[in-house]
Amino acid sequence: MSAITPLDSSTVSDLRTAVAGDVITPDDESYHTARALWNGRIDRFPAAIVQVTSTDDVAEAIRFAREQELQIAVRGGGHHVTGSAIVDDGLVVDLSNLTTVDLDAEARTVRVGAGCRVSDILSVTQEHGLAIACGSAAHNGVAGSTLGGAIGWVRRKHGLGVDGLHSVELVTVDGDVLTASETENPELFWGLRGGGANFGVVTSYEFDCFELGPEVAVAQVAYPAPDAETTSDIFRRYREFVADAPDEVTSMALRTFVPPFPFVPQEFHGAPIVMFFGVYAGDVAEGETALAPLREMGEPAMDLSAPMPFLAVHEIANEMFPSGNRYSWHSLYASELSDDLIGRIAAAGESAPGHEVAVTAWHLGGAVSDVAADETAYAWRDAEFLVSIDTTWRDPAADEAHLVWSESTWRDLRESAATLEGFYPGFPGFVSGEERSQMAYGDNLARLAELKTEYDPENLLRSNLNVTPAR
Ligand SMILES: Cc1cc2nc3c(=O)[nH]c(=O)nc-3n(C[C@H](O)[C@H](O)[C@H](O)COP(=O)(O)OP(=O)(O)OC[C@H]3O[C@@H](n4cnc5c(N)ncnc54)[C@H](O)[C@@H]3O)c2cc1C
């Protein structure tokens, strides 16, 4: 264990008296469970974790951290790959107890606590045939992902999570409780939708719902990719498919390897593949027709395509990316899948250091691009693709090989003329300081810095993709 500066026991007692939730310190049995994150590579030792139960607890926890001069981290679902939800020697505001889901099915809105996972929300809304725009993994916290954008399974039809956000309740670093929406504190609401971890602690989110499911048409099909030329060929055919796809079709293509799933015969584990996932936001039969070309690009290595519950689509990521593995995830945006970019993706697949890595092209456009780049803080509306480098492994001895591959792949893909300047805050890049903020927030950074000056001038909330105050 790294050296932790322990808090004075009477100080901790004061905090325990002041909040209704649990206060966990290194002396507590639950400490190691409470500090564990999805990314098993992150091993940090906070001075205290406050498992808040209310907005009052959040305000008290912030007050305490300021008084004790402790750095603050905010934990939603604890899934950010950088582990920014936990800080060494600091105070963690852990929101995981805030899991209420209040659905107004008639008004088609749902208010959710900031500790909710995607599955907590969809399991309630889907009972009424309703859904929200959110990230694509069931176990993801809705808190952190919504504040960064939230790129989900039906993004091309229904936009990003930030586009379906109606209002939030937020505790400022001064302990004030505010509502932010289009009509109340609209500038703050603008900043929260993409640059959101910088201005306070959000305690609840209100989303608009739309009709979808419970069953949706899904394509899940993989083709053998024994060499770079085959990979490139399949990606070029994918490019043709998405060029004509309606907004109801949201899809992605991964250069990866057959995962070690128990239902896949062992001799196929680790075989190189190009895998497609596609979801149709609409009628199931129409969807099966619209997705069919993804299944007709040759002889598949496996084809699990079938209608399935929309909630279950989100559980695929739980299987593929379980808690506790080692992860290093990065991204960039592209204006097109040019031959050159495809060639670089194919080459990265050939040089992969292990069988649990992927280079993934997420098709964007549609409703994502219908919103102007300065309408919310999420800046990358014009990008046609997000390309993520999803590096996963298990053995600490393999850290270096995977980190080196991840970084060299990211840098190589950035050399392509099709690549844009930014990255998705949920999957950051290999840069630091001002360049990192610029790449996360693009042309919206200066406006975010003004907001930061207003709401957090001392930059107390900096365990995040940080915006430095303008003054
Ligand atoms: C398996 C997996 C799949 C993913 N798939 C997608 C996807 O499909 N689409 C997508 O968009 N993203 C995806 N992501 C990325 C995801 O959006 C981010 O990891 C996101 O941060 C997860 O939210 P969280 O609440 O779990 O994060 P946390 O790690 O808890 O928080 C991340 C950061 O957000 C801030 N934060 C969290 N909650 C609050 C709050 N209430 N108020 C203020 N600040 C807060 C904090 O600074 C914190 O450090 C995926 C991640 C994983 C691990």
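Given the structure is predicted, the values throughout are model-derived calculations rather than measurements.

Chemist: Teacher, can you tell me more about the sheet that holds strand β16 (residues 302-303) here?
Modeler: Backbone-to-backbone hydrogen bonds join strands into a sheet, with any given pair of strands oriented parallel or antiparallel. With antiparallel pairing, seven strands are arranged side by side in an open sheet as β16-β13-β15-β14-β19-β20-β18. Edge positions in the sheet fall to β16 and β18 (326-334), since each has one partner strand and no second.

Chemist: Hey, could you run me through the pairing of strand β14 (residues 249-257) in this one?
Modeler: Within a regular beta strand, the side chains point alternately toward one face of the sheet and then the other, so they alternate between its two faces. The buried count for β14 comes to nine of nine residues, which makes it a mostly enclosed element. What you see with β14 is no split at all: Val249, Ser251, Ala253, Arg255 and Phe257 on one side and Thr250, Met252, Leu254 and Thr256 on the other are buried throughout. Note: β14 against strand β19 (residues 358-363), four bridges, orientation antiparallel. Bridge pairing in β19 links Met252 to Trp362.

Chemist: Explanation requested: the site of the ligand in the structure shown.
Modeler: If you check the shell around the ligand, you find 34 residues, and the closest are Gly76, Gly77, Gly141, Gly144 and Ser145. Of all the elements in the fold, those that place two or more residues in the shell around the ligand are β3 (72-75), α5 (142-148) and β10 (201-208). It is α5 that contributes the most residues to the shell around the ligand, five residues altogether. Of the residues belonging to the shell around the ligand, the class tally is 16 nonpolar, 17 polar and one charged. Each of two domains, domain 1 (9-94) and domain 2 (101-212 + 445-455), supplies a minimum of three residues to the shell around the ligand.

Chemist: It is not clear to me how the nonpolar core should be interpreted in this structure. Could you clarify?
Modeler: Soluble, globular proteins show a tendency: their nonpolar side chains are buried together. Ranked by size, the top nonpolar core spans 155 residues in total, and within it Val50, Ala61, Leu91, Val93, Val274 and Phe385 carry the most contacts. The element contributing the most residues to this core is strand β15 (residues 272-280), with seven residues. Looking at this core, you find at least three residues from each of domain 1 (9-94) and domain 2 (101-212 + 445-455). Discounting chain neighbours no more than four positions away, the residues touching Leu91 are Pro46, Ala47, Ala48, Val50, Ala61, Phe64, Ala65, Leu70 and Ile72.

Chemist: Hey, could you run me through the packing of helix α8 (residues 228-243) against helix α11 (residues 339-350) in this one?
Modeler: Packed helices, taken two at a time, are described by the angle their axes make and the gap between the axes. Here α8 crosses α11 at 140°, and the two axes come no closer than 9 Å. Taken together, the axes of α8 and α11 are oblique relative to one another. Considering the relative orientation of α8 and α11, their crossing is right-handed. Only Ile342, Gly343, Ile345, Ala346, Ala347, Gly349 and Glu350 of α11 make contact with α8, whose side of the interface consists of Ala228, Thr231, Ser232, Phe235 and Arg236. Residues of the contact of α8 with α11, tallied by class, amount to six nonpolar, four polar and two charged.

Quick notes on the rules
- Residues numbered from 1 in each chain as written.
- Predicted model: local features only at pLDDT ≥ 70, side-chain atom pairs only at ≥ 80, totals over all residues.
- Pairing = 2+ DSSP bridges.
- Helix = DSSP H or I, 4+ residues; strand = E, 2+ residues; numbered from the N terminus.
- Buried ≥ 20, exposed ≤ 12 C-beta atoms within 10 Å, placed from the backbone.
- Near = placed C-beta within 6 Å.
- Nonpolar A, V, L, I, M, F, W, Y, C, P; charged D, E, K, R; others polar.
- Domains from an automatic or database assignment.
- Core = buried A, V, L, I, M, F, W, Y, C linked by C-beta atoms within 7 Å.
- Contact = placed C-beta atoms within 7 Å.
- Axes fitted to C-alpha atoms, helices over the stretch in contact; angles between N-to-C directions.
- Parallel < 35°, antiparallel > 145°, perpendicular 65-115°, else oblique.
- Left-handed = near helix turned anticlockwise from the far one by under 90°.

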